[in-house]
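Spelled out from the first residue to the last, the chains are:
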Amino acid sequence: MKIIERPELLVVGYAIRTSNPEEMDPALARLPGLWRRAGAPGAFAHVPGRVDENLYAVLTDYESNHHGSYTQVVGVAVRSAAAIPEGMVAVRAPRVSSMLVEARGPMPQAIREAWQRIWKHTESGGVPPRAFTTDVEIHHPEGADLYIATLPMRS
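Residues numbered from 1 in each chain as written. Predicted model: local features only at pLDDT ≥ 70, side-chain atom pairs only at ≥ 80, totals over all residues. Heavy atoms only, no water.

Participant: Mind showing me how you'd approach the packing of aromatic side chains here?
Facilitator: We describe a pair of aromatic rings using the distance from one ring centre to the other and the angle between the two ring planes. All chains considered together, the criterion is met by four aromatic pairs. Judged by centre distance (5.6 Å) and plane angle (45°), the ring pair of tyrosine 14 and phenylalanine 44 falls under tilted. One end of the pair, tyrosine 14, is in strand S2 (residues 9–19); the other, phenylalanine 44, is in the loop between helix H2 (31–39) and strand S3 (55–60), with 30 residues separating them in the sequence. Residue tyrosine 14 shares its accessibility class with phenylalanine 44, and that shared class is buried. Their ring planes at 35° and their centres at 6.2 Å tell us that tryptophan 115 and tryptophan 119 sit as a pair that is tilted. Here the residue tryptophan 115 and the residue tryptophan 119 both occupy positions in helix H3 (residues 109–123), the gap between them amounting to four residues, near one helical turn. Counting every residue linked through ring pairs, the aromatic cluster contains Tyr62, Tyr70 and Phe132. (Phe/Tyr/Trp six-rings, centres within 6.5 Å; stacked < 30°, edge-to-face > 60°. Helix = DSSP H or I, 4+ residues; strand = E, 2+ residues; numbered from the N terminus. Buried < 20%, exposed > 50% of the residue type's maximum accessible area, 1.4 Å probe, protein only.)

Have a look at this one:
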């Protein structure tokens, strides 16, 4: 895991509120439906000002830690949120020091394995510790890059 400064992003997309315990139960899981909606052909065709063709997931509004509820927005990065299509939201992911975790290989297994590495880091008290503020996944043709917000390191 590399520590980098992730630049600020503005993402427009679809949002849900969930938790990892809920996502482990197929009867309660909301993320598969969110990703199906976001991955549908033309899902973001009416979003103006896209910066690239990648899909972004912003995890924010953490209730506590990786066991609590959070909001996930799946969408596209934009230059401005001046015109948000109906049913979508805009979320700003501020510039922050982040752990970069790469997910490569068949999806969604590769993304699950990346999150398992992150949870193991969290559970073991890994340094730097997670901030539980705003995390970002950038999904691109090679896989996904996960930017996990970290707390500042004390010297």
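Now, onward.
Participant: Help me out: how do you make sense of the pairing of S2 in this one?
Facilitator: The two faces of a sheet get side chains in turn, since along a regular strand they alternate between them. Most of S2 is tucked away: nine of the eleven residues are buried. Strand direction decides the pairing type here: S2 and strand S5 (residues 89–93), joined by five bridges, are antiparallel. Note on S5: the bridge partner recorded for leucine 9 is alanine 93. Bridge count for S2 against strand S4 (residues 69–77) is nine bridges, and the pairing is antiparallel. Its bridge partner lying in S4, tyrosine 14 is registered against valine 74. (Pairing = 2+ DSSP bridges.)

Participant: Is there a simple way to explain the environment of histidine 139 in this structure?
Facilitator: Here histidine 139 lies in strand S7 (residues 135–140). Excluding residues that lie within four positions of it along the chain, histidine 139 makes contacts with Trp35, Asn54, Leu55, Ile111 and Ala144. Here the side chain of histidine 139 touches glutamate 137 through a polar contact of 2.7 Å, side chain to side chain. (Contact = heavy atoms within 4.5 Å. Polar contact = N/O pair within 3.5 Å; in protein donor to acceptor, adjacent residues only side chain to side chain.)

Participant: It is not clear to me how the nonpolar core should be interpreted in this structure. Could you clarify?
Facilitator: As a rule of thumb, nonpolar side chains are buried together in soluble globular proteins. By size, the foremost hydrophobic cluster in this structure holds 31 residues, and its most contacted members are Phe44, Val47, Ala103, Trp115 and Leu146. For this core, the secondary structure elements donating two or more residues are S2, H2, S3, S4, strand S6 (96–103), H3 and strand S8 (143–149). For this core, the element with the most residues is H3, which contributes five residues. Val91, Ala93, Val136 and Tyr147 belong to the second-largest nonpolar core, a separate cluster that totals twelve residues. (Core = buried A, V, L, I, M, F, W, Y, C linked by side-chain atoms within 4.5 Å.)

Participant: Looking at this model, I keep getting lost on the layout of surface pockets. Mind explaining?
Facilitator: Space left empty within the atom packing is revealed by a probe, the size of a water molecule, rolled over the atoms. Space inside the largest pocket adds up to approximately 750 Å³. Lining the largest pocket are 22 residues, and of these Leu31, Trp35, Pro108, Ile111 and Arg112 lie nearest its centre. Looking at the lining of the largest pocket, the elements with two or more residues in it are helix H1 (20–23), H2, S4, H3 and S7. Considering every element that reaches the lining of the largest pocket, the biggest residue donor is H3, with five residues. Looking at the lining of the largest pocket, its residues break down into 13 nonpolar, five polar and four charged. (1 Å grid on protein atoms, 1.4 Å probe; cavity = no way out; pocket = protein on both sides within 12 Å on 5 of 7 lines; lining within 4 Å. Points joined across faces, edges and corners; volume = space filled by probe spheres on them. Nonpolar A, V, L, I, M, F, W, Y, C, P; charged D, E, K, R; others polar.)

Participant: Just checking my understanding: could you explain the environment of leucine 28 for this structure?
Facilitator: Among the structural elements, leucine 28 can be located in the loop between H1 and H2. Leucine 28 gets classed as partly exposed once you look at its relative accessible area, which sits at 44%. In the structure, leucine 28 is positioned 86 residues away from alanine 114 in sequence and 22 Å away in space, judged by C-alpha atoms.

Participant: What am I meant to see in the environment of arginine 117 here?
Facilitator: Mapped onto the elements of the fold, arginine 117 is located in helix H3. Through-space distance from the C-alpha of arginine 117 to that of serine 98 is 15 Å; in sequence the pair is 19 residues apart.

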